[in-house]
Each structure stands twice: as structure tokens, then as C-alpha cells.
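# Descriptive analysis of the structure
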Amino acid sequence: MNWISNYVRPRINSIFSRRETPDNLWTKCDECGTMLFHRELSDNLNVCTNCNHHMAITPRDRFGALFDGGIFSEVAVPTPIADPLQFRDQKKYPDRMRTAQKSTGESEAMLVAAGEIGRTPIIAAAQDFSFMGGSMGMYVGNAIIAAAQEAVKLRRPLILFSAAGGARMQEGILSLMQMPRSTVAVQMLKEAGLPYIVVLTHPTTGGVTASYAMLGDVHIAEPNALICFAGPRVIEQTIREKLPEGFQRAEYLLDHGMLDRVTKRTEMRAELITITRMLMKQPPAVMGDLPAPVPPASPAEADDTAPKK
């Protein structure tokens with residue numbers, strides 16, 4: 001056995017050989033440029049640990065951090081007619097849908113789930129901006145109606161996380177019809193006396209802002225989220241004036257009375273638990289469990305357990 005060939009040479013090659021590093025281990029912050037380790041970033045809910053910039057997060061990851069133990073069940077949403085207008089631009093609409101479904105792993109731009117936060121049963125809905133910009137199509141309208149109906153049926157509050165570029169142009173007028181449909185769904189909650197809480201994330205624009213995103217009983221936004229109907233560039237070109245610093249951002253809207261709170265994503269769960277239980281007229285959430293007290297022994301039991309002389 002040649003130990004130099006079989007042991008020494010492979011050992012030297014392993015030390016000096018070039019090791020391939022996976023591309024998905026590090027993420028660059030869009031705001032400050034800091035390289036963030038993927039586990040550190042996911043543990044912090046996709047919030048930069050250096051500058052507190054809130055990056056995009058998928059509905060499933062959001063729900064995993066929101067619900068108790070990360071446990072939730074999906075609420076079924078009726079599937080609308082595919083490509084009702086036979087729309088085609090540079091690609092056919094079905095081709096765009098297949099591409100979005102393959103890249104995100106989701107069937108559409110909104111996820112509806114049921115579960116508990118702080119032992120409080122809720123219904124939650126969240127838009128996925130990575131799915132065609134979270135655009136509001138017929139499926140999103142169906143999802144909001146399904147979420148409202150489930151909330152009324154189970155007597156639970158509805159919490160909605162908005163993130164959208166507006167209506168889905170490939171569905172034309174059918175997409176715009178989701179604005180009144182979602183408004184009717186919100187009215188169902190109000191008539192049932194159930195809370196409707198909206199968490200506006202970056203970005204929330206267009207017809208989404210003009211309908212269900214601004215009809216909540218409480219409006220909370222993530223820091224520096226863009227919330228508007230028309231974007232700042234369009235407004236500047238229309239009025240030919242420079243807009244104020246931070247215009248249409250969450251902090252600006254909070255100062256001008258459009259929002260109730262601006263809350264960090266890492267603190268959002270505790271905030272929602274407090275607000276939800278308050279609106280449902282429930283006692284404050286239990287922060288920790290203590291063992292049940294041991295009942296005092298009866299006199300007869302005390303005599304039996306006493307040491308005998």
C-alpha cells in the first residue's frame with residue numbers, strides 16, 4: 001500500500017483545493033449593502049440586522065412566524081376562470097401564470113389561513129408580491145370573500161397583509177370589479193361585529209389601496225413601506241413639482257393621520273395579539289404558563305400521610 005499516494009496526496013489536495021461556496025448562503029441588503037448570512041436573515045424575518053430595512057417575505061414564511069408554533073391550516077379559495085379575456089402582450093397570460101407559479105411555488109397571489117396567535121383564533125390573508133406583483137385579480141377577490149365568510153362563520157377577526165402593485169391588467173375590468181366585491185366582504189365583517197385589521201407592507205399601491213387595504217378598523221404598516229394610489233414619480237410628472245421627503249411612506253402617512261401604527265416586523269406578532277384581544281374584548285394574553293397549583297390536602301388525607309409513631 002502506497003501511503004503517500006493513498007493518504008498524503010489526497011490530504012494535501014483537499015487542503016489547497018478550491019471549495020465551491022453555494023450562492024444562496026448570503027443575501028445583500030438593498031438599502032445598506034450589508035452581506036447577511038441566510039440563517040441570520042431568516043431568523044430575523046427578512047429584516048436587515050444592520051439598518052432595519054424590511055425585505056420582502058413570502059406569505060408562508062410570514063404565517064410561520066405569526067401563528068402559534070407556526071401551525072395553520074389553509075382556507076380553500078374558489079378558482080376563477082383562467083384567462084377570461086384571452087389576453088396577450090409579450091406573452092400569453094397562461095404562460096405568465098405558469099412562470100409565476102413555478103418561481104413562487106404558489107397557485108396565486110394570495111394565501112388565506114386559519115390558526116391561533118397568542119391562543120386567539122383568527123383568519124389571516126396575505127398577498128405575495130413575488131407573484132406577478134401581488135396584483136389583484138379575480139382569485140384575490142375570491143380569496144378575500146372566502147376569508148371574510150370563514151371569519152363570520154367561525155366568529156373570528158380577520159387580519160390582512162397587503163402587498164400589491166394594483167389591479168391585474170391581464171384581467172381588465174374583471175380585475176377592477178374586485179374592488180367593490182372586496183368592499184362588500186369587509187362590510188360583512190362589520191355587520192357581524194368582527195374586527196378587520198390591515199397590515200400594509202411594501203408596496204401597497206393602486207386599486208388595492210383604493211379598496212380593502214384602507215377599510216380596516218386598525219391600520220398598521222411596516223417601516224418605510226410605500227403606500228399610495230398613484231406612485232410618486234407619476235405625481236411629480238403630473239403636477240410638475242418636487243414632493244416632500246418621505247412622501248407616501250409609512251412614517252409620513254402616520255404623521256398625517258392615515259395610519260394608526262408603524263410597527264417593526266419582529267414586533268408585529270405581539271402587537272397583533274394585543275390589538276386583536278382588545279377588540280374581541282378578551283383579557284390580556286398569557287405570556288407564559290405556570291403549573292397548576294396543587295390542591296390542599298383534606299384533614300383525612302393529612303392524617304393518612306402523617307408519619308406514624
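Residues numbered from 1 in each chain as written. Predicted model: local features only at pLDDT ≥ 70, side-chain atom pairs only at ≥ 80, totals over all residues. Heavy atoms only, no water.

### Let's talk about the sheet that holds strand S9 (residues 261-262)
Strand pairing in a sheet relies on backbone hydrogen bonds, with the paired strands running either antiparallel or parallel. The condition is simple: Strands are labelled as partners when DSSP assigns at least two bridges between them. The helix count covers DSSP runs of H or I at least four residues long, the strand count covers runs of E at least two residues long, and both are numbered beginning at the N terminus.
A sheet is described by the order of its strands in space; here seven strands give the open sequence S3-S4-S5-S6-S7-S8-S9, paired in mixed fashion. Among the strands making up the open sheet, the edge pair consists of strand S3 (72-74) and S9.

### Brief notes about the packing of helix H5 (residues 138-154) against helix H7 (residues 178-191)
This is how it is decided: A fitted line through C-alpha atoms serves as each axis, taken over the contacting stretch for helices, and the angle formed by two N-to-C directions is quoted from 0 to 180°. When describing relative orientation, an angle under 35 degrees is termed roughly parallel and one over 145 degrees roughly antiparallel, while 65 to 115 degrees is termed roughly perpendicular and anything else oblique. Contacts are assigned to residue pairs with any non-hydrogen atoms lying within 4.5 Å of each other. Residue type decides the class: Asp, Glu, Lys and Arg count as charged, Ala, Val, Leu, Ile, Met, Phe, Trp, Tyr, Cys and Pro as nonpolar, and the leftover types, Gly among them, as polar.
One can describe the packing of H5 onto H7 by two numbers: an axis separation of 9 Å at closest approach and a directional angle of 10 degrees. Considering the angle they form, H5 stands roughly parallel to H7. Judged by residue contacts, Met 138, Gly 141, Asn 142, Ile 144, Ile 145, Ala 148, Gln 149, Ala 151 and Val 152 of H5 engage Gln 178, Arg 181, Ser 182, Ala 185, Met 188 and Leu 189 from H7. Looking at the contact of H5 with H7 residue by residue, the classes come out as nine nonpolar, five polar and one charged.

### Let's talk about the packing of aromatic side chains
Formally: Stacked, edge-to-face and tilted are the three classes for Phe, Tyr and Trp ring pairs, Trp counted by its six-membered ring, which pair at centre distances within 6.5 Å; planes under 30 degrees apart are stacked, over 60 edge-to-face, the rest tilted. Only protein chains enter the calculation, and the probe is 1.4 Å; a residue is then buried if its accessible area is under 20% of its type maximum, exposed if over 50%, and partly exposed in between.
Tallied over the full model, the rule gives six aromatic pairs. Taking 5.6 Å as the distance between ring centres and 75 degrees as the angle between the ring planes, the aromatic pair formed by Phe 63 and Phe 72 counts as edge-to-face. Residue classification places Phe 72 among the partly exposed residues on the basis of a relative accessible area of 23%. In textbook terms, an aromatic cluster arises when at least three aromatic residues are bridged by ring pairs, as seen for Phe 63, Phe 67, Phe 72 and Phe 161.

### Points about a nonpolar patch on the surface
This is how the line gets drawn: For patch detection, residues must exceed 30% relative accessible area and be free of salt bridges, and they are connected within 9 Å for like charges or within 5 Å for nonpolar side chains (Val, Leu, Ile, Met, Phe, Trp, Tyr). Computed by Shrake-Rupley with a 1.4 Å probe, the accessible areas treat only the displayed protein chains as cover when residues are assessed. By salt bridge we mean one thing: a side-chain nitrogen of Lys or Arg within 4 Å of a carboxyl oxygen of Asp or Glu.
Nonpolar side chains collect at one region of the surface, where Ile 173, Leu 176 and Met 177 lie side by side and expose about 280 Å² of accessible area between them. Following the sequence through the fold, Ile 173 ends up in helix H6 (residues 172-176).

### A word on H7
Cut-off, in case you're wondering: The span you would expect from a helix comes to 1.5 Å times its residue count less one. Think of the arc as the fan of directions from the helix axis to the C-beta atoms.
With 14 residues, H7 extends 20 Å between its outermost C-alpha atoms, agreeing within 8% with the 20 Å of an ideal straight helix rising 1.5 Å per residue. Within H7, burial applies to Gln 178, Ser 182, Ala 185, Val 186 and Leu 189. Viewed along the axis of H7, the buried residues span an arc of 95 degrees, placing them on a single side of the element. The exposed residues of H7 that point more than 90 degrees off its buried face are Val 184 and Glu 191. Considering only its buried residues, H7 is in contact with H5, strand S6 (158-164), H6 and strand S7 (196-204). Once H7 ends, the next one or two residues include Gly 193, with phi positive near 70 degrees.

### A word on unusual backbone geometry
Note the cis peptide between His 202 and Pro 203, where omega equals -15 degrees. Structurally, Pro 203 can be placed in strand S7. The phi torsion at Leu 45 lies on the positive side, around 60 degrees, for a residue other than glycine. Mapping Leu 45 onto the fold places it in the loop between helix H2 (38-43) and helix H3 (59-66). With a phi close to 65 degrees, Asn 224 is a non-glycine residue in the positive phi region. Relative to the helices and strands, Asn 224 resides in the loop between strand S8 (218-221) and helix H9 (232-239). The partly exposed category is assigned to Asn 224, whose relative accessible area is 35%.

Functional significance is not addressed by these values, which are geometric in nature.
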